Amino acid sequence: EPEVTQTPSHQVTQMGQEVILRCVPISNHLYFYWYRQILGQKVEFLVSFYNNEISEKSEIFDDQFSVERPDGSNFTLKIRSTKLEDSAMYFCAGGGPANTGELFFGEGSRLTVL
Amino acid sequence: GQSLEQPSEVTAVEGAIVQINCTYQTSGFYGLSWYQQHDGGAPTFLSYNALDGLEETGRFSSFLSRSDSYGYLLLQELQMKDSASYFCAVRPSNDYKLSFGAGTTVTVRA
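Since we're looking at a predicted model, the values are computed, not measured.

Remarks on unusual backbone geometry
Residues and elements named next belong to chain A.
- Residue Pro8 follows Thr7 across a cis peptide bond; omega there is -10°.
- For the peptide bond that leads from Gly96 to Pro97, omega is 0°, which places it in the cis range.
- Within the fold, Pro97 resides in the loop between strand 9 (88-95) and strand 10 (104-105).
- Positive phi outside glycine occurs at Asn51, with the angle close to 55°.
- Accessibility expressed as a relative area gives 60% for Asn51, which makes it exposed.

Encoded structure:
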C-alpha cells in the first residue's frame, strides 16, 4: 500500500540555522499539506499546496517558512532561520481526489532547536 | 476560523464503551473526521461524516449532527491497544485541509 514518507525522522539544529524537511507524498494525491504538533498539543495547519502553488497558509507560516515541490515527487518545507519555538513534530499529508475526507499523514519529522 | 471542543481525557476498562464528544464552530463545513494518534506518531484516519447520522466501522462508530454542530466517536469493546489520543477535525472547505481539536487522551485499564 502506498504511503507518505518523511525524512529525516529526527533533526537537531542550532537556533538560527536553516532546516529542510522532506516528504514524498502518495503520487496520485492532489493536495499536499504541512502540519506541526508541538509536544502534547494539537496538530496545527501550516500550509496547503495545490497545482504547484500555495493555496492557503496559516498565521504560523510566516516569511521564515517556504515550501516547494520541485520535481513532482518531493515536497519540502524549509525553515530559513530556526527559533526555539520551532521545535515540534512536522507532519506532511496528502489527500484527494477520492472524496473520502481522508488525509494521509507521514510518520513525521521531529525538529529540535537548541 | 474554526474552533473545536473535546474532552481532554477519558479512562475506561477493557471491554467498556467510550464516547468522545466533539462540538465545533466553523465558517464553512464539509465534514467531520476522527483520527487516532499513538505516542506522537502519525495521525491515522478512523472515520469521516459528511452527512448527519451514524457511520460504523468495526468497533468504532462516528456520529454527526450538522444542525447541532456536534459529533461523537464511539469506541466499543475497548482493548489495551486503543489507548491513544483521539482528535476530531473539521473539513471547512472542499479541499482536504483539516482543523484539529486539542485531542482526547483515552487510557484503557485492565
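Digging into the layout of surface pockets
- The space that makes up the largest pocket amounts to roughly 350 Å³.
- Lining the largest pocket are 20 residues, and of these Gln37 and Gly40 of chain A together with Gln37, Gly40 and Ser85 of chain B sit closest to its centre.
- Breaking the lining of the largest pocket down by element, the ones donating at least two residues are strand 9 (84-91) and strand 11 (104-109) of chain B.
- Among the elements that make up the lining of the largest pocket, the one with the highest residue count is strand 9 of chain B (three residues).
- Of the residues assigned to the lining of the largest pocket, the class counts are six nonpolar, 12 polar and two charged.

A short note on the sheet that holds strand 6 (residues 53-57) of chain B
Residue and element names in this part refer to chain B.
- Read from one edge of the open sheet, five strands run 1-3-8-7-6, paired in antiparallel fashion. Each edge of the open sheet carries a strand with a single partner, namely strand 1 (2-5) and strand 6. In this sheet, adjacent strand axes meet at a mean angle of 20° when their direction is disregarded.
- Sheet analysis places strand 3 (residues 18-26) next to strand 8 (residues 70-75), joined by six bridges and oriented antiparallel. Bridging across to strand 8, Gln19 finds its partner in Leu74.

Here we look at the interface of chain A and chain B
- The interface of chain A with chain B comprises 23 residues on the first partner and 19 residues on the second.
- A combined buried area of about 1800 Å² lies between chain A and chain B, and 56% of that area is made up of carbon and sulfur atoms.
- For the pair chain A and chain B, the number of links is one salt bridge.
- The salt bridge involving Lys97 of chain B is made with Glu56 of chain A; its shortest N-O contact spans 2.7 Å.
- Every element with two or more residues in the side of chain A that touches chain B is listed here: strand 4 (31-37) and strand 9 of chain A.
- Of the residues forming the side of chain A that touches chain B, the biggest block, four residues, is contributed by strand 4 of chain A.
- For the side of chain A that touches chain B, the residue count by class is 11 nonpolar, eight polar and four charged.

Parameters at a glance
Residues numbered from 1 in each chain as written. Chains lettered and ligands numbered in written order. Predicted model: local features only at pLDDT ≥ 70, side-chain atom pairs only at ≥ 80, totals over all residues. Heavy atoms only, no water. Helix = DSSP H or I, 4+ residues; strand = E, 2+ residues; numbered from the N terminus. Buried < 20%, exposed > 50% of the residue type's maximum accessible area, 1.4 Å probe, protein only. 1 Å grid on protein atoms, 1.4 Å probe; cavity = no way out; pocket = protein on both sides within 12 Å on 5 of 7 lines; lining within 4 Å. Points joined across faces, edges and corners; volume = space filled by probe spheres on them. Nonpolar A, V, L, I, M, F, W, Y, C, P; charged D, E, K, R; others polar. Pairing = 2+ DSSP bridges. Axes fitted to C-alpha atoms, helices over the stretch in contact; angles between N-to-C directions. Contact = heavy atoms within 4.5 Å. Buried area = accessible area lost by both parts, 1.4 Å probe. Salt bridge = Lys/Arg side-chain N within 4 Å of Asp/Glu carboxyl O.

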